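Topology and contacts: notes
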Amino acid sequence: TLYLNLVDNYDKFNYSTPPSDSDALPRVRTWIREYVSSSNLLLNNLQLTAMDKLSDSVYGQAYGGYLEMMYAGVGSELLYRPYGSSWALGLDANYVQQRDWNNTLQLADYKVATGHLTSYWQLPFVDNTLAKISVGRYLAGDYGTTIDLSRRFDSGIIAGAFATFTNVSAEEYGEGSFTKGVYFTIPFDLLLVKPTTRQGSIAWVPLTRDGGQMLSRKYALYTLTKPLDE
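Residues numbered from 1 in each chain as written. Predicted model: local features only at pLDDT ≥ 70, side-chain atom pairs only at ≥ 80, totals over all residues. Heavy atoms only, no water.

Broken down by element type, the chain carries 3 helices and 12 strands. Its C-alpha radius of gyration of 18 Å places the chain within 12% of the 17 Å reference for a compact globule of 230 residues. Overall, the chain is about 50 × 40 × 30 Å in size when its C-alpha atoms are taken along their principal axes. Residues classed as buried in the chain amount to 38% of the 230 residues present. Taking as baseline every contact in the chain between residues at least 6 positions apart, the subset at least 24 positions apart corresponds to 49%. (Helix = DSSP H or I, 4+ residues; strand = E, 2+ residues; numbered from the N terminus. Rg over C-alpha atoms; globule rule 2.2 N^0.38 Å. Buried < 20%, exposed > 50% of the residue type's maximum accessible area, 1.4 Å probe, protein only. Contact = heavy atoms within 4.5 Å.)

Right, dumping it as structure tokens:
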């Protein structure tokens, strides 16, 4: 996946570098301006992925490479999703290293093990609504929980919101106190002449800080096994 910058207003991004303090969180996301302004053409993702159905209800994947704009590494995921069930349970584990924002083909010094245990539940009392709760370790080494609620409309569009609370205090986290945001997923089938199962997502996060930040994995087994819902 390539990132091409056509126009931007990154010069108005006024995040100030925090003082060097042994208690400060590692800068796992607040280098964002340096990444997106380092070049007009970036290699966001280049990974090798193997997937398989391990049993009637268990699915697995393993992957490695440049996993997202800011991190490279290896990881794996297991998903237990009984056929016809309204719930599922997933576990992902990753060991990643920060990419160098001056040259994203190279790696910086920061390394971290991150992963989450995630439960999925199609709510019986609200049509087409999914509750997702993830518990685990985030990119800055903090531990906590992400709560995600989303609803799928008849058009196929999904609207959702999430919030993350970790063992980082509001003072350590900084402005915003905790991670939160909203997102929309739009099926390309609405826009194209030929049928397709591909989709695109747009997310809005009011503030980007270093606490409560997940690895942006390219593939999620729950999404890939969504035809089981039908």
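Now that the structure has been shown, we can carry on.
With the rule as written, the count across this model stands at 6 aromatic pairs. A centroid spacing of 4.1 Å and a plane angle of 5 degrees characterise the contact between Tyr120 and Tyr222, whose relative ring orientation is stacked. You can see Tyr120 sitting in strand β7 (residues 103-122) and its partner Tyr222 sitting in helix α3 (residues 221-224), a full 102 residues away along the chain. Using a relative accessible area of 8% as the deciding quantity, one classes Tyr120 as buried. With a relative accessible area of 7%, Tyr222 lands in the buried category. With 6.1 Å between their ring centres and 80 degrees between their planes, Trp121 and Phe125 make a pair best called edge-to-face. Exposure remark for Trp121: the relative accessible area of 39% places this residue in the partly exposed category. (Phe/Tyr/Trp six-rings, centres within 6.5 Å; stacked < 30°, edge-to-face > 60°.)

What follows concerns the nonpolar core. Core analysis: the biggest nonpolar cluster contains 18 residues, and Tyr35, Met69, Tyr71, Val96, Leu139 and Leu215 have the highest contact counts within it. Those elements that place two or more of their residues in this core are α1 (32-37) and β7. When residues no more than four places from it in sequence are discounted, the contact partners of Val96 are Leu67, Tyr71, Ala72, Gly73, Tyr110, Lys111, Val112, Thr114, Leu139 and Leu215. Tyr59, Tyr120, Leu130 and Leu221 belong to the second largest nonpolar core, which has 7 residues in total. (Core = buried A, V, L, I, M, F, W, Y, C linked by side-chain atoms within 4.5 Å.)

Take the sheet that holds strand β4 (residues 58-66) next. Note on sheets: strands pair through backbone hydrogen bonds, and any given pair is parallel or antiparallel. Taken in spatial order, the 10 strands line up as β3-β4-β5-β6-β7-β8-β9-β10-β11-β12 in an open sheet, and their pairing is antiparallel. The open sheet terminates on both sides in strands that have one partner only, identified here as β3 (46-53) and β12 (199-204). Across this sheet, the average inter-strand angle for adjacent strands is 15 degrees, counted without regard to direction. Summarising the sheet, strand β6 (residues 87-100) and β7 pair through 13 bridges and their orientation is antiparallel. Within the sheet, the bridge partner assigned to Ala88 lies in β7 and is Tyr120. (Pairing = 2+ DSSP bridges. Axes fitted to C-alpha atoms, helices over the stretch in contact; angles between N-to-C directions.)

As judged from the 8 bridges shared by β7 and strand β8 (residues 129-137), these two strands associate in the antiparallel manner. The partner of Gly115 across the bridge, within β8, is Arg137. The turn linking β7 back onto β8 is made up of 6 residues, and Asn128 within it adopts a positive phi angle of 55 degrees. One ladder, built from 9 bridges, connects β8 with strand β9 (residues 143-152); its direction is antiparallel.

Here we take up the environment of Tyr59. Of note, Tyr59 is situated in strand β4. Under the relative-accessibility criterion, Tyr59 is labelled buried at 10%. Taking the C-alpha atoms as reference points, Tyr59 and Tyr80, separated by 21 residues in sequence, lie 6.6 Å from one another. Residues contacting Tyr59, with those up to four places away along its chain left out, are Asp52, Lys53, Leu54, Glu77, Leu78, Leu79, Arg81, Leu221, Thr225 and Leu228.

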